[in-house]
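# Structure at a glance
Below, each chain spelled out in residue letters.
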Amino acid sequence: MEIAEPEGTKPGAETATEVPMPEVEAAFEEIEVDAPLVGIIMGSPNDKQKMQPAGEALHEHGIRYEVRVMSAHRDPEKVRAYCHAARMRGLKVIIAGAGMSAALPGVAAAHTDLPVIGVPVSGRNLGGLDALLSAVQMPPGVPVGCVAIDGARNAGLLAARIINA
Ligand code: RP5
């Protein structure tokens, strides 16, 4: 038996009714489909070269990331705002690199419950030992994972493992 097409439709044409749904369309526009999963933050533009391997490791694993410069002592409000919004923005891990006495990893961890991986960046005077101790000796209650001095690549690889766990 032949099934008749509904009146006014051509054979093979789309028959679903197109009802305008502005709320749904607006919601879809707000979804960042390419939103980053890892935030790489660092205390100075001068840290970029030493932090770059973290981004390379994430890229190799197909993990989207963003890079921001913000200093715990020069821009404390920027660090607070970024870390407070991090989970809501879809970030899963923060990698925080800084040199000298390097408060950034600990301050970041104080403002988010996401995992924070600290990267001690080697400085001019103490070879990064100061930054290493700042990250690795965080007092109990505010955890910071810590990789080696200038160990940004491992920070990227560790972040990838956390995300894929
Ligand atoms: C830290 O102080 C930065 O992370 C950097 O490693 C170090 C020195 O900063 P610059 O004087 O090079 O900007 O805040």
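The following paragraphs examine the structure supplied in this document. None of the values given here were measured: they were computed from a predicted structure.

## Notes on the side chain of Ser71
- The topology assignment puts Ser71 in the loop between β2 (65-69) and α3 (76-86).
- A relative accessible area of 1% means that Ser71 is categorised as buried.
- Among the polar contacts listed, one links the side chain of Ser71 to the backbone nitrogen of Arg74, at a separation of 2.9 Å.
- If near-sequence neighbours (up to four positions away) are discounted, Ser71 is found in contact with Gly43, Pro76 and Val79.

## Focus: the sheet that holds β2
- Across the sheet, which stays open at both edges, the five strands sit in the order β2-β1-β3-β4-β5 with parallel pairing between neighbours. Taken across any chain shown, the strands that pair with only one partner, and hence form the sheet edges, are β2 and β5 (145-146).
- Where strand β1 (residues 38-42) and β2 come together, five bridges link them in parallel fashion. Looking at β2, one finds that Val38 is bridged to Tyr65.

## Digging into unusual backbone geometry
- Despite not being glycine, Met100 shows a phi value in the positive range, around 60°.
- Its location among the elements puts Met100 in the loop between β3 (93-99) and α4 (104-110).
- Judged by relative accessible area, which is 43%, Met100 ranks as partly exposed.
- If you check the backbone angles, Ala102 has positive phi at about 45° while not being a glycine.
- Secondary-structure assignment places Ala102 in the loop between β3 and α4.
- For Ala102, a relative accessible area of 9% puts it in the buried group.

## With respect to the site of the ligand
- In the region of the ligand, the neighbouring residues are Gly43, Ser44, Asn46, Asp47, His73, Arg74, Ala98, Gly99 and Met100.
- Within the contact set of the ligand, an oxygen atom lies 2.7 Å away from a side-chain nitrogen or oxygen of Ser44.
- Between Asn46 and the ligand, the recorded distance is 2.8 Å, taken from a side-chain N or O atom to an oxygen atom.
- Against a free-state accessible area of 360 Å², the protein chains account for coverage of 79% of the ligand.

## Overview of the pairing of strand β4 (residues 116-121)
- Counting buried positions along β4 yields six of six residues, so the element is predominantly enclosed.
- Every second residue of β4 is oriented toward a common face, with Val116, Gly118 and Pro120 on one face and Ile117, Val119 and Val121 on the other, all of them buried.
- Bridging between β3 and β4 involves six bridges; their strand directions are parallel. Along β4, the bridge assignment pairs Ile95 with Ile117.
- Crossover connection from β3 via α4 to parallel β4: handedness right-handed.
- By the bridge criterion, two bridges tie β4 to β5 in an arrangement that is parallel. Residue pairing across strands places Gly118 opposite Cys146, the latter belonging to β5.

## What to know about the pattern of salt bridges
- Going through the model one piece at a time under the given rule, you end up with five salt bridges.
- Glu66 is the partner of Arg68 in a salt bridge, and the nearest nitrogen-oxygen pair spans 3.2 Å.
- Judged by relative accessible area, Arg68 falls into the partly exposed class, the value being 34%.
- By relative accessible area, Glu66 is classed as buried at 8%.

Criteria and thresholds
- Residues numbered from 1 in each chain as written.
- Predicted model: local features only at pLDDT ≥ 70, side-chain atom pairs only at ≥ 80, totals over all residues.
- Heavy atoms only, no water.
- Helix = DSSP H or I, 4+ residues; strand = E, 2+ residues; numbered from the N terminus.
- Buried < 20%, exposed > 50% of the residue type's maximum accessible area, 1.4 Å probe, protein only.
- Polar contact = N/O pair within 3.5 Å; in protein donor to acceptor, adjacent residues only side chain to side chain.
- Contact = heavy atoms within 4.5 Å.
- Pairing = 2+ DSSP bridges.
- Near = heavy atom within 4 Å.
- Areas by Shrake-Rupley, 256 points an atom, 1.4 Å probe, with all protein chains shown as cover.
- Right-handed = clockwise from strand over helix to strand, strands pointing away.
- Salt bridge = Lys/Arg side-chain N within 4 Å of Asp/Glu carboxyl O.

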